[in-house]
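Chain residues, written in single-letter form:
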Amino acid sequence: MKNTLYHIFLTAVGLASLPAAHGQNADTLADEKIHPIREIVVTGTRNETDIRHLPMTVSVIDRKRIDDGKRPSLLPTLTEQVPGLFVTGRGMMGYGVSTGSSGAMTMRGIGNGTQGTPTTGMLVLIDGHPQYMGLMGHPIADAYQSMLAERVEVVRGPASVLYGSNAMGGVINIVTRKMREDAVNTDMHVGYGSFNTLHTEASNRVKSGRFSSVATASYNRSDGHRKDMGFEQYGGYAKLGWDFDERWNAWADVNLTHFNASNPGSVSAPVFDNDSRITRGMTSVTLRNDYGTTSGALGFFYNWGRHKIDDGYSAGEEPLDYRFNSRDRMMGVSWYQSASLFTGNRLTLGVDYQYFGGKAWNRFFDGSETVTADKNMHEVAGYADFRQTIWSRLTLDVGLRVDHHSHSGTQWIPQGGVSVDVAKNAQIKAMASKGFRFPTIREMYMFPPQNPDLKPERLMNYELSFSQRLLDHRLRYGINIYYIDGDDMIIRMPVDGRPKYVNTGKVRNCGAEGEVSYRINAAWTIACNYSWLHMKYPVVAAPEHKLYGSVDFSRGRWRAACSVQYVDGLYTQVDPAETEESFVLVNADAAFRLTENISLSVRGENLLAQRYEINAGYPMPRATVTGGINISF
């Protein structure tokens, strides 16, 4: 495996060096001037902020990178592009829910439960609004489709001061698409590939004066690389915007996705008729203001879900005579206002209110029902974030949140950090932040080993980072180190001879992350990111080593890319025994523009046909190929 990786990187470096070795022409001038644009993010502070002034580490994946991959889900692209982040998979398309599902997310080893329980320590947002299942408390991986995103901002580390519970490990904020100039744009994509996999997507974006809209729809399906592993998904998204004037605007959006997923079980323990029928919906309305020295927003959101699951049966057993059903909801109001009180200052104050819960029951074929849970809870919080720039080089940031949960009490969440411009285009950042998570309704009241007396999980994250841009901004790199110390983690263990959730788990994680990109000329770009993670108490879905490297080429009508991903020390199981996995994946994609409006694309994944698993007992597909056509007008 190591020899294979070595030869792959030699090839990539050789390809990347071709333009320099053979001279340049008018299209690939080595001295081409790069005019940098400030990278503005909203996730780290709620208001638009230059990323250089933030003490936390934020990764930004733009629309071009999302488009180039032609993947229906955002999560594989994020796994490649964001160091420290890992998302599990089980096949070519679809993550599923319940037994045998994938889509578990971890950031620096935080997010997934210590024994492989659902992801509740990583928070997914859409335009700053939390997205998770009201009863179970975890995100639904199949709801985060590429068609939604203008860009994705990922906070690598706790963001609980601004976003509360579940942001303990980090935040994935999907910033939805919008039109910025008066025009009408329509895009369509159809892709087909291995295992009868189909990906279709259509989008229309409009801006006319004060009005703007976005509408997208998709249909995706796959037979899967194993028998009884089919997946089918329908999705739609619409967003309307109105600018009252230069300072005030309003947005309203709605997102609906339905998917059917089948689980064949592990190869050593097959399961029959394990099928899920899931519908998820989201809507929000937001009123924003921006006066320059002050800006803010008032938003309302409502998320809901309808789940119907056949848990299936094993060989020698009888089929189940019931189906698991659940209805969940999550609604809330969010207000914040940010103001510059004096030169170099920014103060953000905010209030969040959330109401969540639902009902779960088993419905038997004779018409009777057994209720598993019927619970609702609420949470209210206030927070403040104060940032001050001194002498144009030093930025100090402190934040505090007080968060009250109707069942689990009150938490005080502090954070503090500093960012220093040590040289032109170079920054050193240091940060200490607390993350926490309230126990979910599932953990307290649903299936054994539930425990209504659970306390919140909590941890402290300490981080130091350095980043710089060189060679007229052609070369960008950053490195950071961190240490995470957590207590009261919820784990399952025997109590009086029966399994029970208790707050006795611990986290002692440390690691390092690095990323570098170099634009050789107008046609060639190379990039690489790496993360190393050491866990005293291992969890699944958190590899010790994760390395991703890519070579991109774009000239005229052609675009092509080749990438390598190396994963080592990935725990696929920790209970009852620890099982590790290592693998190398080589992917490649290319696109050719036939006309101004039509292009063709092709993508190959796992081109070395590696045998590997991410979920224990679920072998991933060997080499796969997908081709597609893209139409824009």
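What you see as residue numbers is a count from 1 along each chain, following the sequence as written. Thresholds applied to this predicted model are a pLDDT of at least 70 for local features of residues and 80 or more for the giving and counting of side-chain atom pairs; totals over whole chains, interfaces and linings are not thresholded and use all residues. Just so you know, side-chain values use all the structure's heavy atoms and leave hydrogens and water out.

Participant: Can you walk me through the overall build of the chain in this structure?
Facilitator: Each helix is a run of DSSP H or I of at least 4 residues and each strand a run of E of at least 2, with the numbering of both proceeding from the N terminus. A tally of helices and strands in the chain yields 5 helices and 33 strands. C-alpha atoms define the radius of gyration in this analysis, and the globule rule sets the expected value at 2.2 Å times the number of residues to the power 0.38. In summary, the chain has a C-alpha radius of gyration of 24 Å against a globular reference of 26 Å for 633 residues, a match within 12%. Dimensions along the principal axes, computed over C-alpha positions, put the chain at roughly 75 × 55 × 50 Å. Exposure categories follow from relative accessible area, calculated using a 1.4 Å probe and restricted to protein chains: below 20% of the type maximum is buried, above 50% is exposed, and the middle band is partly exposed. Looking at the chain as a whole, 54% of its 633 residues qualify as buried. Pairs at least 24 residues apart make up 61% of the contacts formed inside the chain by residues separated by at least 6 positions. The protein chains shown are the only cover counted for residues, whose accessible areas, like all others here, come from Shrake-Rupley with a 1.4 Å probe. When the accessible surface of the chain is summed, it comes to about 26700 Å², and 57% of that surface belongs to carbon and sulfur atoms. Here Asp and Glu are counted as negative and Lys and Arg as positive; His is not counted, and neither are the chain ends. The atoms used to mark charge sites are NZ of Lys, CZ of Arg, CG of Asp and CD of Glu. Of the side-chain charges in the chain, 65 are positive and 65 negative, and the distance between the mean point of each set is 3 Å. Contacts are assigned to residue pairs that have any heavy atoms within 4.5 Å of one another.

Participant: Which parts of the structure should I look at to understand the nonpolar core?
Facilitator: Across soluble globular proteins, nonpolar side chains have a tendency to be buried as a group. Residues belong to one nonpolar core when they are buried, are Ala, Val, Leu, Ile, Met, Phe, Trp, Tyr or Cys, and are joined through side-chain atoms within 4.5 Å. Of all hydrophobic cores here, the largest spans 46 residues; its most connected members are Val58, Leu123, Tyr163, Val171, Phe259 and Met446. Every residue in contact with Leu123, bar those within four places of it in the chain, is listed here: Pro130, Tyr132, Tyr163, Ser165, Asn166, Ala167, Gly170, Val171 and Ile172. Grouped together as the second largest cluster of nonpolar side chains are 26 residues, Ile61, Ile66, Met122 and Val124 included.

Participant: Quick question: what am I supposed to make of unusual backbone geometry here?
Facilitator: Glycine aside, negative phi is the norm for most residues, and most peptide bonds take the trans geometry. Cis rather than trans, the peptide bond between Pro448 and Pro449 has omega equal to 15°. The omega torsion across Asp575 and Pro576 is 10°, close enough to zero to call that bond cis. Tracing the chain through its elements places Pro576 in the loop between strand S28 (558–573) and strand S29 (579–593). Residues other than glycine seldom take positive phi values, yet Asn166 does so here, at roughly 80°.

Participant: Would you mind going over the environment of Arg65 with me for this structure?
Facilitator: With respect to the helices and strands, the residue Arg65 is situated in helix H2 (residues 63–69). Separated by 421 residues in the primary sequence, Arg65 and Gly486 place their C-alpha atoms 34 Å from one another. When near neighbours in sequence (up to four residues on either side) are disregarded, Arg65 contacts Thr77, Gln81 and Asp552.

Participant: Just checking my understanding: could you explain the confidence of the model for the chain for this structure?
Facilitator: For any part of a model where pLDDT is low, the fine detail of the predicted coordinates should not be relied upon. pLDDT measures how confident the predictor is about each residue, on a scale from 0 to 100. Scored by pLDDT, the chain comes out at a mean of 91, with 93% of its residues at no less than 70. When the elements of the chain are averaged for pLDDT, helix H1 (residues 2–21) gives the smallest value, 37, and strand S26 (residues 524–535) the largest, 98.

Participant: Just checking my understanding: could you explain the packing of aromatic side chains for this structure?
Facilitator: Aromatic ring pairs: the centre-centre distance and the angle between the two ring planes describe each pair. Put simply, two rings from Phe, Tyr or Trp (the six-membered ring, in Trp's case) pair if the centres are within 6.5 Å, and we call them stacked under 30 degrees between planes, edge-to-face over 60, tilted for the rest. Inspection of the entire model under this criterion finds 11 aromatic pairs. Here Trp248 and Tyr291 contribute two aromatic rings whose centre-to-centre distance is 6.4 Å and whose plane-to-plane angle is 85°, an arrangement assigned as edge-to-face. In this pair, Trp248 is assigned in strand S14 (residues 248–266) and Tyr291 in the loop between strand S15 (269–290) and strand S16 (294–314), connecting sequence segments 43 residues apart. Where Phe324 meets Phe447, the ring centres are 6.0 Å apart and the plane angle is 55°; that geometry is what we call tilted. Of this pair, Phe324 sits in strand S17 (residues 322–339) while Phe447 is found in the loop between helix H5 (441–445) and strand S23 (457–470), placing the two residues 123 residues apart along the sequence. According to the relative accessible area criterion, Phe447 is partly exposed, its value standing at 34%.

Participant: Help me understand the sheet that holds strand S8 (residues 149–156) in this model?
Facilitator: The criterion for strand pairing is that DSSP finds at least two bridges linking the strands in question. The strand order S3-S8-S9-S6-S7 describes an open sheet built from 5 strands, whose pairing is mixed. On the outer flanks of this sheet lie strand S3 (58–62) and strand S7 (129–130), each paired with one strand and no other. Note that strand S6 (residues 122–126) and S7 share 2 bridges and pair antiparallel. Across the sheet, Leu125 pairs through a bridge with Pro130, a residue of S7.

Participant: Where do I start with the pattern of salt bridges in this structure?
Facilitator: Oppositely charged side chains can form a pair if their charged atoms are brought close together. When a carboxyl oxygen of Asp or Glu lies within 4 Å of a side-chain nitrogen of Lys or Arg, that pair is called a salt bridge. Scanning the model with the defined rule gives 35 salt bridges in all. Of the charged contacts in the structure, one is a salt bridge between Arg205 and Asp187, with a shortest N-O distance of 3.8 Å. In this pair, Arg205 is assigned in strand S11 (residues 197–208) and Asp187 in strand S10 (residues 183–193), connecting sequence segments 18 residues apart. Of the residues examined, Asp187 reaches a relative accessible area of 24% and is grouped as partly exposed. Note that Arg458 and Asp488 form a salt bridge whose closest N and O atoms lie 3.2 Å from each other. Within this pair, whereas Arg458 is found in strand S23, its partner Asp488 is found in strand S24 (residues 475–495), the two being separated by 30 residues in sequence. Here the salt bridges do not stand alone but share partners, grouping Lys64, Asp68, Arg71, Glu80, Arg559, Asp589, Arg603 and Glu605 into one network.

Participant: What is the right way to look at the environment of Val351 in this model?
Facilitator: Along the chain, Val351 falls in strand S18 (residues 345–364). Residue contacts for Val351: discarding those within four places in its chain leaves Val333, Ser334, Trp335, Ala381, Gly382 and Tyr383.

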